[in-house]
Amino acid sequence: MIWHARRARLRALLAAETCVFPASVHDPLSARAAGDLGFEMALLAGSVASLAVLGAPDLALLTLSELAGLVLRISRAADLPLLVDGDHGYGNALNVRRTVEELEIAGAAGLSIEDTALPAGFGTRGTAFIPRAEGIGKIRAALAARRDPALVIAARTGAITALGLPETLDRARAYAETGADALFLTGIRTWDELDALAGTVSCPLILGTLAPALDDPAALAARRVRIALQGHLPFQAGFAATVATLRALRAGARPATLGHAADAALLREAARECEYQAAMEDYLRE
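Novice: What is the right way to look at the side chain of Glu193 in this model?
Specialist: For Glu193, the location among the structural elements is in helix 8 (residues 191-200). For the buried Glu193, no salt bridge is present, and the opposite-charge side chain at shortest range is Arg189, 7.0 Å distant. Discounting chain neighbours no more than four positions away, the residues touching Glu193 are Ile160, Leu165, Gly187 and Ile188.

Here's what the structure looks like:
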């Protein structure tokens, strides 16, 4: 039931008249920090998950079980609705069903399924897309697989980068008519493109990494954009800080001379150490 409540909160965000910027998270502590700081929701990107779990680029190398495990660890740690990048559903429409089942059990409040042809085939250049009919079949499979009707299923497409706006509009219309709860759009760069999409479908819109020209929350909200990503700076900044600290230590710097480290009190708070101490007093003391 705890997962259902979070899904209801995500649906409320999609039904509102404002645009929110989610926290890009990559592990339990980053998600917990996002919740403590007041973010309305969190997002786990496929590219970030691949880096966090495998240290590998976003080339469809991460497995479904690895993603589901990370989703469960994040969901246990933080009381935030988590939108998960389900990539292509790890295969065909039957694999999409399995993807929805696993991510729903793991605590995802919502997930996106995209129409990209993954993994890249032999001899391909650039991004390829599955036929529109196959994309519709994947969304149908995703909707049929969920057991909690509150779970958000977002149809994702970045077809505008390779197939152009008219085909993107056709895909958006088809996925919305299939019953997707939201459309997750990547590659949108201009207000004209966004206006065309907002005029084609009536469901909520989610934008991938926000183009600088579109950075206007009120204008986005007026076009039914309810969630807009701001990239994945927390993971990038965290890794940069790790490399800088390791480089300094390797060069001979002493720990006491290095700044920007989380102090002990912050780490204790993030780890909920007081709660564990209370439990130890309750259960492990005579």
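Novice: Explain the sheet that holds strand 7 (residues 205-207) here, please?
Specialist: Either a parallel or an antiparallel arrangement is found when strands of a sheet pair, and the pairing is made through backbone hydrogen bonds. The eight strands lie next to each other as 1-2-3-4-5-6-7-8, forming an open sheet whose pairing is parallel. Strands at the two margins of the open sheet, each flanked by one partner only, are strand 1 (23-24) and strand 8 (225-228).

Novice: Would you explain helix 4 (residues 64-77) in this entry?
Specialist: Because the α-helix completes a turn every 3.6 residues, residues three or four places apart line up on one side. Helix length check: helix 4, at 14 residues, gives a terminal C-alpha distance of 20 Å against a target of 20 Å (1.5 Å per residue), a fit within 8%. Of the residues making up helix 4, those classed as buried are Leu64, Leu67, Ala68, Leu70, Val71, Ile74, Ser75 and Ala77. Tucked inside the fold, the buried residues of helix 4 contact helix 1 (2-15), helix 2 (28-36), strand 2 (42-44), helix 3 (46-54), strand 3 (82-85) and helix 5 (93-106).

Novice: What is the right way to read the packing of helix 5 against helix 6 (residues 132-145) from this model?
Specialist: Contact pair helix 5 / helix 6: the axes reach a minimum separation of 8 Å and the direction vectors enclose 35°. For helix 5 against helix 6, the interelement crossing comes out right-handed. Contacts from Ala93, Val96, Arg97, Val100, Glu101 and Glu104 in helix 5 reach Gly137, Lys138, Ala141, Ala142 and Ala145 in helix 6. Along the lines of polarity and charge, the residues of the contact of helix 5 with helix 6 split into six nonpolar, one polar and four charged.

Novice: What is the right way to read the environment of Ala278 from this model?
Specialist: Its place among the elements puts Ala278 in helix 12 (residues 273-283). According to the relative accessible area criterion, Ala278 is partly exposed, its value standing at 47%. Measuring from C-alpha to C-alpha, the distance between Ala278 and Ala222 comes to 48 Å, with 56 residues separating the pair along the chain.

Novice: How should the pattern of salt bridges be read in this particular structure?
Specialist: Using the criterion set out here, one finds 16 salt bridges in the structure. Taking the shortest distance from any N to any O, the salt bridge between Asp36 and Arg272 comes out at 2.9 Å. One end of the pair, Asp36, is in helix 2; the other, Arg272, is in the loop between helix 11 (264-270) and helix 12, and 236 residues separate them in sequence. By relative accessible area, Asp36 is classed as partly exposed at 44%. It is possible to trace a salt-bridge network through shared partners that takes in Asp115, Arg132, Glu167, Asp170, Arg171 and Arg173.

Novice: Sorry if this is basic, but what is going on with the pairing of strand 8 here?
Specialist: In the case of a regular strand, side chains alternate between the two sheet surfaces. The pairing of strand 7 with strand 8 spans three bridges and is classified as parallel. Residue pairing for strand 8: Leu205 is matched across the bridge by Val225. For the crossover from strand 7 across helix 9 (residues 217-222) to strand 8, the handedness is right-handed.

Novice: Sorry, what's going on with the packing of aromatic side chains here?
Specialist: Remark: the centre distance and the inter-plane angle together describe each pair of aromatic rings, the angle taken between the planes. Applying the stated criterion across every chain, the model contains zero aromatic pairs. Of note, Arg156 hangs over the ring of Phe184, and the distance from its end group to the ring centre comes to 4.5 Å.

Novice: I keep staring at the packing of helix 4 against helix 5 and nothing clicks. Help me out?
Specialist: Any two packed helices are characterised by the angle at which their axes cross and by the distance between the axes. Interhelical geometry of helix 4 versus helix 5 gives an angle of 20° and a closest axis separation of 8 Å. The orientation of helix 4 relative to helix 5 falls into the category roughly parallel. Note that helix 4 runs across helix 5; the crossing there is right-handed. Across from Leu64, Leu67, Ala68, Val71, Leu72 and Ser75 in helix 4, the residues of helix 5 making contact are Arg98, Thr99, Glu102, Leu103 and Ala106. Within the contact of helix 4 with helix 5, the residues separate by chemical class into seven nonpolar, two polar and two charged.

Novice: How do you make sense of the environment of Arg223 when you look at a structure like this?
Specialist: Tracing the backbone through its elements, the reader meets Arg223 in the loop between helix 9 and strand 8. Considering only alpha carbons, one finds Arg223 and Glu17, 206 residues apart in sequence, at a separation of 9.6 Å. Apart from the residues lying within four places of it in its own chain, the contact partners of Arg223 are Trp191, Leu194, Asp195, Ala198 and Leu205. Polar contacts involving the side chain of Arg223 include one to the main-chain carbonyl oxygen of Ala219, which spans 3.1 Å.

Calculation criteria
Residues numbered from 1 in each chain as written. Predicted model: local features only at pLDDT ≥ 70, side-chain atom pairs only at ≥ 80, totals over all residues. Heavy atoms only, no water. Helix = DSSP H or I, 4+ residues; strand = E, 2+ residues; numbered from the N terminus. Buried < 20%, exposed > 50% of the residue type's maximum accessible area, 1.4 Å probe, protein only. Lys, Arg positive; Asp, Glu negative; His and termini not counted. Salt bridge = Lys/Arg side-chain N within 4 Å of Asp/Glu carboxyl O. Contact = heavy atoms within 4.5 Å. Pairing = 2+ DSSP bridges. Expected span 1.5 Å × (residues − 1). Axes fitted to C-alpha atoms, helices over the stretch in contact; angles between N-to-C directions. Left-handed = near helix turned anticlockwise from the far one by under 90°. Nonpolar A, V, L, I, M, F, W, Y, C, P; charged D, E, K, R; others polar. Right-handed = clockwise from strand over helix to strand, strands pointing away. Phe/Tyr/Trp six-rings, centres within 6.5 Å; stacked < 30°, edge-to-face > 60°. Lys NZ or Arg CZ within 6 Å of the ring centre and 35° of its normal. Parallel < 35°, antiparallel > 145°, perpendicular 65-115°, else oblique. Polar contact = N/O pair within 3.5 Å; in protein donor to acceptor, adjacent residues only side chain to side chain.

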